[in-house]
Amino acid sequence: MEPSELDAWAEEAAAVVGTRLEPGDVAAVLDLARDAAHGIARPAAPLTTFIAGIAVGRGQPLAEAVAALAAAIDKRSA
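Residues numbered from 1 in each chain as written. Predicted model: local features only at pLDDT ≥ 70, side-chain atom pairs only at ≥ 80, totals over all residues. Heavy atoms only, no water.

Novice: I'd like a description of helix α2 (residues 25-39), backed by residues and values.
Specialist: For an α-helix, 3.6 residues make a turn, and residues three or four places apart therefore share a direction. Here α2 is 15 residues long and its end C-alpha atoms lie 21 Å apart, about the 21 Å a rise of 1.5 Å per residue gives. Turning to α2, its buried residues are D25, L32, A33, A36 and A37. Viewed end-on, α2 has its buried residues packed into an arc of 130°, placing them on one side of the element. Looking at the packing, one finds that the buried side of α2 touches α3 (44-57) and α4 (62-77). (Helix = DSSP H or I, 4+ residues; strand = E, 2+ residues; numbered from the N terminus. Expected span 1.5 Å × (residues − 1). Buried < 20%, exposed > 50% of the residue type's maximum accessible area, 1.4 Å probe, protein only. Arc of directions from axis to C-beta. Contact = heavy atoms within 4.5 Å.)

Here it is in structure tokens:
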């Protein structure tokens with residue numbers, strides 16, 4: 001899938017659930033998933049991004065949730 005196709009899908013998926021994405025959200029979530037997959041285990045990727053989504057849904061900015069989870073991944077994989 002080309003990056004533009006992935007961005008289009010992300011926008012479509014966000015609209016389906018009644019939300020919208022901010023610039024950089026897709027890259028931040030994909031980077032977090034990659035870090036979780038490589039730093040913890042592959043199955044941790046969707047789980048970690050789901051947890052980030054819960055945090056955002058409860059009002060935490062995505063950048064803060066990603067930073068906190070990335071730090072936890074770094075600590076665990078060190």
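Novice: Provide a residue-level description of the pattern of salt bridges, including the pertinent values.
Specialist: Following the criterion strictly, the structure yields three salt bridges and no others. The salt bridge partner of E22 is R20, with a shortest N-O separation of 2.7 Å. With relative accessibility at 40%, the residue E22 sits in the partly exposed group. Using a relative accessible area of 58% as the deciding quantity, one classes R20 as exposed. The salt bridge involving R34 is made with D35; its shortest N-O contact spans 3.1 Å. (Salt bridge = Lys/Arg side-chain N within 4 Å of Asp/Glu carboxyl O.)

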